[in-house]
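# Topology and contacts: notes
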Amino acid sequence: QLLSQSKYYPAVEPCGEVGLQIVTAGPIGAWKEIALGIFRAIANAQRYVYIQTPYFLPTESLITALQMAALSKVDVRIILPAQSDSAILYRGTCSYITPMLKAGVKVYFYEPGFLHAKTVVIDDYFSTVGSTNLDFRSFEHNFEVNSFMYNEALAVEIKNIFLADQKQSRRITIRTWKRRPWQHKVMESIVRLLSPLL
């Protein structure tokens, strides 16, 4: 049952200084609100887009948004776990790295352990934290909830966390990425075909 009546959402007095939206999305709605909000923020980026996600199996729309930003000289960086909790999802994630690198997106593998952060921060203004991974399942199939925040101090704080994690990460270059074992490339190609179902 969709609970949309006002009795479930009583008026709350404004408090604090951070502009905030709690955004939900799921398979039963007409719109994919979280995905649309993230796409809009990426499209509006002028300086940087920093992303952390444990699983990166992006939709075509997200691929286009990130490539367009990077090709427009926006500093786009993605931190992914070097060690995943799912071998098949890891191979799926790896299958999307080459098109990111070719567009100028900077990709990093976080090495101390499994990175489960799910954050996006853009231009010292917009940031989002929540349950949403940047993958088909979160955007199309799961019920998810994210906090969209519009505050410079908070965005800078999240950016600094990203940069601290980046120092513990290994940057992937197109040259080294092309030299990975052919067996990995084959497995990635196979998993890529299944990625909308993962």
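Below is a short write-up of the structure. (Residues numbered from 1 in each chain as written. Predicted model: local features only at pLDDT ≥ 70, side-chain atom pairs only at ≥ 80, totals over all residues. Heavy atoms only, no water.)

Another point: the packing of aromatic side chains. All chains considered together, the criterion is met by 6 aromatic pairs. Their ring planes at 45° and their centres at 6.3 Å tell us that Y55 and F114 sit as a pair that is tilted. Remark: F114 occurs in the loop between β5 (106–110) and β6 (119–122) and Y55 occurs in the loop between β2 (48–52) and β3 (56–57); sequence separation between them is 59 residues. On the basis of relative accessible area, Y55 is assigned to the buried category, the value being 11%. F114 sits in the partly exposed class, given a relative accessible area of 32%. Seen from their ring centres, Y125 and Y150 are 5.8 Å apart, and the 50° between their planes marks the pair as tilted. With Y125 in the loop between β6 and β7 (126–130) and Y150 in strand β9 (residues 144–150), the pair connects residues that are 25 residues apart, well separated along the chain. Look at Y150 and you get partly exposed, because its relative accessible area is 27%. (Phe/Tyr/Trp six-rings, centres within 6.5 Å; stacked < 30°, edge-to-face > 60°. Helix = DSSP H or I, 4+ residues; strand = E, 2+ residues; numbered from the N terminus. Buried < 20%, exposed > 50% of the residue type's maximum accessible area, 1.4 Å probe, protein only.)

Let's shift gears to empty space enclosed by the protein. A full pass over the atoms with the stated rule returns 2 cavities of 30 Å³ or more. If you add up the space inside the largest cavity, you get close to 40 Å³. Taken together, I38, Q52, T53, K118, T119, V120, T128, T132, L134 and N146 make up the full set of residues lining the largest cavity. Residues of the lining of the largest cavity, tallied by class, amount to 3 nonpolar, 6 polar and 1 charged. (1 Å grid on protein atoms, 1.4 Å probe; cavity = no way out; pocket = protein on both sides within 12 Å on 5 of 7 lines; lining within 4 Å. Points joined across faces, edges and corners; volume = space filled by probe spheres on them. Nonpolar A, V, L, I, M, F, W, Y, C, P; charged D, E, K, R; others polar.)

The next thing to look at is the sheet that holds β7. The strand order across the open sheet formed by 8 strands is β1-β9-β7-β6-β2-β4-β5-β10, and the pairing between neighbours is mixed. Each edge of the sheet is formed by a strand with only one pairing partner; in this case those strands are β1 (19–25) and β10 (169–172). Averaged over all pairs of adjacent strands, the angle between their axes in this sheet comes to 20°, without regard to strand direction. Where β6 meets β7, 4 bridges bridge the pair, whose relative direction is antiparallel. When the sheet's bridge partners are listed, T119 is paired in β7 with V129. Packing against the sheet, helix α6 (residues 152–166) makes contact with β2, β4 (75–81), β5, β6, β7, β9 and β10, and its axis sits at approximately 65° to β2. (Pairing = 2+ DSSP bridges. Axes fitted to C-alpha atoms, helices over the stretch in contact; angles between N-to-C directions. Contact = heavy atoms within 4.5 Å.)

This part covers the layout of surface pockets. When its volume is computed, the largest pocket comes out at roughly 290 Å³. Around the largest pocket, the lining residues are L2, L3, S4, Y9, T24, A25, G26, I28, G29, W31, E33 and F143. Classifying every residue of the lining of the largest pocket gives 7 nonpolar, 4 polar and 1 charged.

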